[in-house]
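What the coordinates show
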Amino acid sequence: MRIKAAVLYEQGKEHPFTESNPLVVEDLDLEPPGDDEVLIKTGAAGLCHSDLSMIRGVMERKVPMVPGHEAAGVVEEVGKAVTQCKPGDHVVMSFVPICGECEYCTTGRPNLCSIAFNARATGALINGNRRLSLNGKPIHHTNGVSCFAEYMVSCEDSVIVIDKDVPMVDAALFGCAVVTGVGAIVNTAKIPPGSTIGIVGLGGVGLCALLGGVVAGAGRIIAIDVADDKLGLARQLGATDTFNASDADCVDKVIEATKGGVEFAFEVAGVVQAMQTAYAITRRGGMTVSSGLSQHQHKFEVPHAELVVNERAIKGSYMGSSVVRQDVPKFINLYKQGKLAVDKLRSGNIGIEDLNEGFDKLAAGNAVRQMLVMHDEFNT
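Report follows, based on the coordinates. The structure displayed is predicted, hence computed values, not measured ones. (Residues numbered from 1 in each chain as written. Predicted model: local features only at pLDDT ≥ 70, side-chain atom pairs only at ≥ 80, totals over all residues. Heavy atoms only, no water.)

Moving on, we get to empty space enclosed by the protein. All chains considered together, the criterion is met by two cavities of 30 Å³ or more. Each pocket or cavity is described by its volume, and for the largest cavity that value is around 60 Å³. Lining the largest cavity, in full, are Phe-95, Val-96, Pro-97, Ala-116, Phe-117, Ala-119, Arg-120, Ala-124, Leu-125, Ile-126, Asn-143 and Gly-144. Its residues placed into classes, the lining of the largest cavity shows nine nonpolar, two polar and one charged. (1 Å grid on protein atoms, 1.4 Å probe; cavity = no way out; pocket = protein on both sides within 12 Å on 5 of 7 lines; lining within 4 Å. Points joined across faces, edges and corners; volume = space filled by probe spheres on them. Nonpolar A, V, L, I, M, F, W, Y, C, P; charged D, E, K, R; others polar.)

The end-to-end C-alpha distance of helix H7 (residues 204-215), which contains 12 residues, comes to 17 Å, matching closely the 16 Å that a straight helix rising 1.5 Å per residue would cover. Among all positions of H7, only Gly-204, Val-205, Gly-206, Leu-207, Cys-208, Ala-209, Leu-210, Leu-211, Gly-212 and Gly-213 are buried. Tucked into the core, H7 has its buried residues touching helix H6 (177-189), strand E10 (196-200), strand E11 (220-225), helix H8 (228-237) and strand E17 (369-372). After H7 finishes, the residue Gly-217 shows a positive phi value of roughly 85 degrees. (Helix = DSSP H or I, 4+ residues; strand = E, 2+ residues; numbered from the N terminus. Expected span 1.5 Å × (residues − 1). Buried < 20%, exposed > 50% of the residue type's maximum accessible area, 1.4 Å probe, protein only. Contact = heavy atoms within 4.5 Å.)

A separate point is the side chain of Asn-187. Note that Asn-187 resides in helix H6. You can call Asn-187 buried: its relative accessible area is 15%. Engagement of the side chain of Asn-187 in a polar contact is seen with the backbone oxygen of Gly-320, the distance being 3.1 Å. Among residues more than four places away in sequence, those in contact with Asn-187 are Gly-320, Ser-321, Ser-322 and Asp-327. (Polar contact = N/O pair within 3.5 Å; in protein donor to acceptor, adjacent residues only side chain to side chain.)

Take the layout of surface pockets next. Here the second largest pocket defines a volume of roughly 500 Å³. Contributing to the lining of the second largest pocket are 23 residues, with Gly-292, Leu-293, Ser-294, Gln-295 and His-296 lying nearest its centre. Split by residue class, the lining of the second largest pocket holds eight nonpolar, 10 polar and five charged.

For the rest of this paragraph, the subject is the packing of helix H2 (residues 49-56) against helix H13 (residues 355-363). As a packed pair, H2 and H13 sit with axes 10 Å apart at the nearest point and diverge in direction by 105 degrees. Our classification of the angle between H2 and H13 gives roughly perpendicular. Of the residues in H13, those touching H2 at His-49, Asp-51, Leu-52, Ile-55 and Arg-56 are Phe-359, Leu-362 and Ala-363. Of the residues assigned to the contact of H2 with H13, the class counts are five nonpolar, one polar and two charged. (Axes fitted to C-alpha atoms, helices over the stretch in contact; angles between N-to-C directions. Parallel < 35°, antiparallel > 145°, perpendicular 65-115°, else oblique.)

Below, the structure is given as C-alpha cells:
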C-alpha cells in the first residue's frame with residue numbers, strides 16, 4: 001500500500017528546521033504484514049526529545065528512515081502467527097520490542113531486550129525485516145515503530161493492547177513519556193511514600209515523573225527547569241516547590257529548602273549539566289536517577305570517595321525499568337481514575353506537513369508534547 005510518511009535522509013541538521021528541512025514528506029510503499037507482524041493505522045504520535053536527538057545526530061541511526069517511536073493506533077491486519085492482538089484492537093507501541101527469549105526478557109527486564117537493541121542498530125524490525133521502501137529502495141525503521149506515518153507495520157512484539165475508550169492523543173504518551181517518567185519513580189527508584197524528590201528537566205518525561213511522584217505519595221516534590229512556564233505547569237500538576245535552573249544559587253536554595261537535599265533526584269533533561277544539578281541536590285544516603293540521553297562522548301564525573309562516605313547511589317533508568325505489557329495497562333488505569341493527568345502535557349495537535357516547525361518549537365523549549373495526527377477521526 002502507498003502511505004504518506006516523513007523521511008529523515010540526513011542526520012545532523014540544526015534548527016530552524018523549517019529552513020534546514022530534515023524531515024521530508026514522501027509517498028512510500030508499505031508491504032503487508034508478515035506472519036508475526038501487524039498493520040496499524042496510526043492514531044497519534046508524540047514529538048519526543050529522542051526524535052530531536054536523532055534529527056540532530058546525537059543518537060546515530062541508519063538513514064534514510066521514518067522516525068517516531070511514541071505512538072498509539074488501531075490494528076488493521078495481523079499475520080497468521082500473531083496472538084497478541086486482532087483487527088480492531090487499540091494498541092500502544094513499545095519502542096523496545098519484547099523478544100521474550102533473551103536473558104533480559106526471561107529475567108524480568110524486557111526494557112533491555114538484547115535482540116531489540118541489535119535490531120534497532122540495523123534499522124530493521126526485531127525479526128530482521130524491513131517493510132518500508134521508496135522507488136524500490138528500502139527505508140529504515142525506527143525502534144520497530146516508525147510512527148511519523150499514516151500506517152505502520154510492526155512485529156507483534158511491539159504492541160500492547162489497551163482499552164478503546166482512551167483517546168489516541170493521550171494513549172500515545174504511554175508509549176514513551178509515561179513509561180519512562182512514571183517508571184523511573186515507581187520501578188527504578190521505588191520511592192517510598194513521604195519521600196522528598198527532585199526532578200530536573202520538565203519536558204514530557206520530566207512532567208510524567210512528577211505525576212509519578214504524586215501517585216507514589218511523595219511528601220515533597222521539587223521541580224527544576226529553565227522555563228518559568230514549565231515551572232508553572234509543574235505547580236499545577238503537584239510540585240510543592242519550583243526553582244529556576246538558570247539561577248546561579250539554584251542548588252544552594254534547594255539544599256537549604258530541603259535541609260540537606262532530596263532523598264531521590266531524577267535527571268530527565270538529557271544534558272550533563274542537569275545530571276550535575278541532580279547529583280548536587282541529592283542528600284547523603286540518597287539516590288540520583290538518570291533517564292536523559294546525552295551525547296555518548298559526554299562524561300559525568302563524581303569524586304570516588306564521596307560515593308562511599310556519603311553512601312550515594314547513581315542509577316540509570318531506561319524506559320522506566322518497565323515491563324510494558326504490565327505497566328502500560330496499569331498506568332492507563334491510573335489515568336482513567338484521574339490520577340495521571342497526561343492530557344495536561346499536550347501542546348496541541350499538528351499535521352505531517354508541520355513536523356519541522358513542531359521540532360523547532362520543541363528545540364526552543366516552547367512545547368511539552370505536540371501530537372502528530374494524520375487521520376481526522378483521531379483529531380480530538
